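Analysis of the macromolecular model
Spelled out from the first residue to the last, the chains are:
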Amino acid sequence: MKIITLLCAAMLSCGASATEIFETPLDNGMDNAIVKAFSDATSANVTDPSNSLSLEDIRTTIETISINGNNLCVSFNDDKVKNLLSSKGIGVWNGESGTIVAWIADLSSSDSALLSGEGEADFVKKLQSAANQNKFNIMFPVMDLDDVQQVNSQTIVSHSDELIAKASKRYDAKYFVSGVMERDASNDSYSVKWNLCDSEGKSLGSGANSGDADTASSQMSSQIAQVLMNSSKPQSTAAAVPAATSANEADTITPVTGDGSIELGPVKGGVRVLITDIENVADYPRIKRILITYGYESDIQVLGYNSEGVIFLIPTGSSPAILDGTFTHASEFTKIAPWTYRFNESKGTAKPADNVGSVTTTTSQRVTSSINNFGNEAYTRETVKQTVEVTTTVPAQKPVGDTSNDVPVITITDDSDNSSVALER
């Protein structure tokens with residue numbers, strides 16, 4: 001039987017002495033227990049846990065195997081494990097001994113203060129513990145006067161990596177992490193976005209993690225370890241040939257495919273990506289801001305559109321694999337095809353406000369006038385010159401004491417230029 005053959009081959013195998021025994025339950029069968037033990041043995045050393053190996057491959061690395069009650073106890077030959085992983089193209093992480101300092105702004109605090117190594121923040125302790133499990137050490141700044149004068153939350157948000165690199169030199173840092181963290185007190189969950197740079201401020205990779213303190217810190221430390229290992233890989237002779245991956249590496253560009261559509265992927269100057277599920281023009285600046293928080297430059301361009309979505313050119317001088325990893329791990333995007341990603345946070349179809357474009361009734365009254373009904377003219381067009389002359393006639397002198405008919409006589413004459421109607425008294 002397969003299991004018996006496996007056990008016999010393992011027990012008869014010889015090689016270097018076992019370093020550690022991994023014990024796993026037999027509830028799901030012996031084959032699954034062996035695979036689980038191998039996964040536990042290599043989880044801290046393998047940069048890409050998604051790679052899987054067959055049971056036959058794993059069998060060749062077993063040093064000892066035994067059953068203890070309901071558990072299977074397995075040890076593996078370290079040299080054979082390394083050779084197997086290497087033959088399958090799976091990188092092995094041996095750890096990083098250099099200093100890594102983390103500049104992380106806590107956006108949950110009122111002043112967006114940076115996390116300090118002197119504090120008692122739960123996330124700080126969890127991240128340091130997870131980093132130790134992934135074979136590297138991470139430290140937080142003391143945030144004394146020297147640190148405060150050089151780095152604050154705005155320094156991180158604006159990606160002033162040169163300033164952060166300068167501040168990190170006092171810690172003799174080989175790498176530094178800059179990022180922002182938010183804590184949701186309602187469910188005690190964390191959301192963190194980070195960038196890993198070398199001592200000169202060159203971006204090596206980035207990521208986004210969320211969950212409780214254990215989950216977020218574990219994911220973050222694992223991804224940082226992967227970026228560290230990828231950046232420390234020796235360059236092969238083939239890699240010395242300029243590739244169309246960044247701003248200064250490629251001499252030729254293929255701007256379009258055979259059918260005239262824009263070609264996706266690395267080109268000189270950056271990487272072209274297709275982003276789907278963009279339903280609102282307000283999504284464009286939002287996507288740009290998200291990518292800036294991951295460490296990319298602000299001069300992101302929209303190159304065109306097709307039936308699936310919008311094509312962006314994202315300038316980068318780093319490996320395009322880092323950009324692909326950013327999109328793959330970011331919560332705001334989901335990878336659905338090579339260089340094609342779904343935007344998960346669209347503002348939705350644009351529509352006018354509720355009070356725009358609607359017809360309503362009103363009780364207000366219009367102010368009207370019938371002045372035009374007067375001869376169809378508002379005012380006369382003729383200029384009338386009229387002079388009114390008042391004449392007082394004094395009768396002849398009467399005898400003293402005679403007061404009869406003592407009333408002045410007034411004669412009114414009309415000197416109008418064009419009037420034909422006499423003015424009556």
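Above this note sits the structure.
Now for a description of the structure that goes with this document. Source: prediction; values computed, not measured.

It is worth spelling out the packing of aromatic side chains at this point. Within this structure, the stated rule accounts for eight aromatic pairs. An angle of 80° between the planes, with centres 5.4 Å apart, marks the rings of phenylalanine 38 and phenylalanine 76 as edge-to-face. One end of the pair, phenylalanine 38, is in helix H2 (residues 30-42); the other, phenylalanine 76, is in strand S3 (residues 71-76), and 38 residues separate them in sequence. Phenylalanine 76 gets classed as buried once you look at its relative accessible area, which sits at 3%. Measuring from ring centre to ring centre gives 4.8 Å for phenylalanine 327 and phenylalanine 333, while their planes differ by 70°; the resulting arrangement is edge-to-face. Both residues of the pair, phenylalanine 327 and phenylalanine 333, belong to the buried class. Among the aromatic residues, ring-to-ring pairing joins Phe327, Phe333, Tyr341 and Phe343 into one connected group.

Here we come to the sheet that holds strand S7 (residues 189-198). An order of S5-S4-S6-S7-S8 is seen for the five strands of this open sheet, with the pairing classed as mixed. On the outer flanks of this sheet lie strand S5 (136-139) and strand S8 (203-211), each paired with one strand and no other. Going from strand to strand, the sheet's axes swing by 25° on average, the running direction of each strand aside. Of the pairings in the sheet, the one linking strand S4 (residues 96-106) to strand S6 (residues 175-184) comprises seven bridges and is parallel in character. Bridged to aspartate 106 within S6 is methionine 181. Of the strands in this sheet, S4, S5, S6, S7 and S8 touch helix H9 (residues 213-231), which is tilted by about 165° from S8.

Packing of helix H5 (residues 122-133) against H9 brings their axes to within 8 Å, and their N-to-C directions diverge by 45°. By the criterion of interaxial angle, the relationship of H5 to H9 is oblique. Taken as a pair, H5 and H9 cross one another with a handedness that is right-handed. When H5 is examined against H9, the residues Asp122, Phe123, Lys126, Leu127, Ala130 and Ala131 are found in contact with a partner set consisting of Ala213, Asp214, Ala216, Ser217, Ser218, Met220 and Ser221. Classifying every residue of the contact of H5 with H9 by side-chain character gives seven nonpolar, three polar and three charged.

The next thing to look at is the pattern of salt bridges. For the structure shown, the criterion picks out 12 salt bridges. The residue arginine 59 makes a salt bridge to glutamate 56 at a minimum N-O spacing of 3.0 Å. Residue arginine 59 and its partner glutamate 56 are located together in helix H3 (residues 55-59), separated by three residues, close to a single helical turn. Given a relative accessible area of 23%, arginine 59 falls into the partly exposed group. Among the salt bridges present, the one from glutamate 345 reaches arginine 286, with a minimum N-O distance of 2.4 Å. With glutamate 345 in the loop between strand S14 (340-343) and strand S15 (388-393) and arginine 286 in helix H10 (residues 283-293), this pair connects stretches of sequence that are 59 residues apart. With relative accessibility at 30%, the residue glutamate 345 sits in the partly exposed group.

The rules behind these values
Residues numbered from 1 in each chain as written. Predicted model: local features only at pLDDT ≥ 70, side-chain atom pairs only at ≥ 80, totals over all residues. Heavy atoms only, no water. Phe/Tyr/Trp six-rings, centres within 6.5 Å; stacked < 30°, edge-to-face > 60°. Helix = DSSP H or I, 4+ residues; strand = E, 2+ residues; numbered from the N terminus. Buried < 20%, exposed > 50% of the residue type's maximum accessible area, 1.4 Å probe, protein only. Pairing = 2+ DSSP bridges. Axes fitted to C-alpha atoms, helices over the stretch in contact; angles between N-to-C directions. Contact = heavy atoms within 4.5 Å. Parallel < 35°, antiparallel > 145°, perpendicular 65-115°, else oblique. Left-handed = near helix turned anticlockwise from the far one by under 90°. Nonpolar A, V, L, I, M, F, W, Y, C, P; charged D, E, K, R; others polar. Salt bridge = Lys/Arg side-chain N within 4 Å of Asp/Glu carboxyl O.

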